[in-house]
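One letter stands for each residue in the lines below.
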Amino acid sequence: MTQFSHNDAQDTIEPLNAQSPQQPLLEVKNLKMHFAIKQGVFAKVAGYTKAVDDVSFNLYKGETVGLVGESGCGKTTIGRCIARAYQPSSGQVLFHNDAEVTDLSKLHGKALKPIRQDVRMIFQDPFSSLNPRMTVFDILAEVLKVNKLFTGKALEERVKELLNLVGLRPEYLRRYPHAFSGGERQRLVIARAIATNPKLVIADEATAALDVSIRAQILNLLAELQQELGLTYLFVSHDLSVVRHICDRVQVMYVGKLVESAPTEQLFARPRHPYTEALLSAVPISNPRQRGARKHLRLKGEIPDPANPPSGCYFHLRCPYATDICQQQAPELKIIASDHSVACHHAEQLTLSGALYADDAEHEVALTEQVTV
Ligand code: SF4
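Since the model is a prediction, treat every value here as computed from it, not as a measurement.

A.B. asks: Is there a simple way to explain the sheet that holds strand S1 (residues 24–39) in this structure?
C.D. replies: Strands belonging to one sheet form pairs held by backbone hydrogen bonds; the direction of such a pair is parallel or antiparallel. Taken together, four strands build an open sheet; the order of strands is S2-S1-S4-S5 and the sheet is antiparallel. The outermost strands of the open sheet, each flanked by one partner alone, are strand S2 (44–60) and strand S5 (100–103). Strand after strand, the sheet turns through a mean of 25° between neighbouring axes, direction not considered. Of the strand pairs in this sheet, S1 and S2 are connected by 13 bridges, and their pairing is antiparallel. Paired with Lys38 across the bridge in S2 is Val45. Sheet strands in contact with helix H1 (residues 75–82) are S1, S2 and strand S4 (90–97), and its direction is about 115° off that of S1.

A.B. asks: Explain unusual backbone geometry to me, please; I cannot follow it from the model alone.
C.D. replies: Most peptide bonds take the trans configuration, and most residues that are not glycine carry a negative phi. Phi is positive for Arg84, close to 65°, though the residue is something other than glycine. Within the element layout of this structure, Arg84 appears in the loop between H1 and S4. A positive phi angle is found at Asn197, which is not glycine, with a value near 55°. Secondary-structure assignment places Asn197 in the loop between helix H5 (182–194) and strand S7 (200–204).

A.B. asks: When you look at the environment of Arg84 in this model, what are you seeing that I'm missing?
C.D. replies: On the basis of neighbour count, Arg84 is assigned to the partly exposed category, with 17 C-beta atoms found within 10 Å. Sequence separation of Arg84 and Leu104 is 20 residues, and the distance between their C-alpha atoms is 7.2 Å. Once residues within four sequence positions are removed from consideration, Arg84 is found in contact with Leu104, Leu107, Leu112 and Ile115.

Criteria and thresholds
- Residues numbered from 1 in each chain as written.
- Predicted model: local features only at pLDDT ≥ 70, side-chain atom pairs only at ≥ 80, totals over all residues.
- Pairing = 2+ DSSP bridges.
- Helix = DSSP H or I, 4+ residues; strand = E, 2+ residues; numbered from the N terminus.
- Axes fitted to C-alpha atoms, helices over the stretch in contact; angles between N-to-C directions.
- Contact = placed C-beta atoms within 7 Å.
- Buried ≥ 20, exposed ≤ 12 C-beta atoms within 10 Å, placed from the backbone.

Any link to function would need more than the numbers given here.
The following block contains the structure:
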């Protein structure tokens, strides 16, 4: 069993197990989310910020897929388009519920209500995502009442059951969020997310605001809930150490586009896109003896403006392997090995460095250091 440890605390994180992926739960096809840039007194549209630009991928039942990339790459926007916090500009988000397939991108108003039960989000900041004027009972009961799932005594029983599921005591029912620690609040947020028995949970930087030992506990809780409730996770994160240990597959984004997608171990051992290589080089190595064994690849320049991206491959201005074709032609996301897709003209010729760890066999990662990419 993979263990997730840090130097002081004894918490372990079990990997989030995937059932054998057969039937996609979600198919994202050519998804675009372009935000209009408005200028002047008449708010004339002067251009578009292409936060998500033609992204396609599948999520399978019971798996955990990591979505990684620098801030502003569009990973959070994808999560919000799937949960329909945003109305996508174009594309399809096909949700498979047994034999029924629903295009979430086409739903409006009341038609969205069933989807609000099946697709739930966990947000980064447990402090701002809970109403400080509501008790624990009110917070959890609200989502059950809005969705007309429980009333009366059964409602209270369900709230207690949810608290139990996330490791909080039922005696906390009448407390307010300020009486809880950060980790306990995040447990409450998770309880609210699973209250409706969702099929898909989008965890948007769900552990980024927590300290190291609490983060391990929350990740273990997510793993337990996945096994118990058969959840599928889309795990949006900048923390590659965490992503490596809990995700079955990883998808890398750059300026609104997917540039690489592969099973986690494959991607970390042998990345095929230069941007992924640079991200992996920033993963901290816990063993001091191995620290000199790998160079941190510092990318030159800044991440391009998604309203005005460069020609050809969006990464060419920062890429150490760029050639003439990279400036002229945008690379397509192509399958280059089993379940491994890359958008790079030279993916097949490049031999890139993977991540190094103190002990790859044990998958030990120092959580005392956080990767920010
Ligand atoms: Fe680098 Fe060219 Fe590949 Fe883009 S297409 S990642 S610029 S080598």
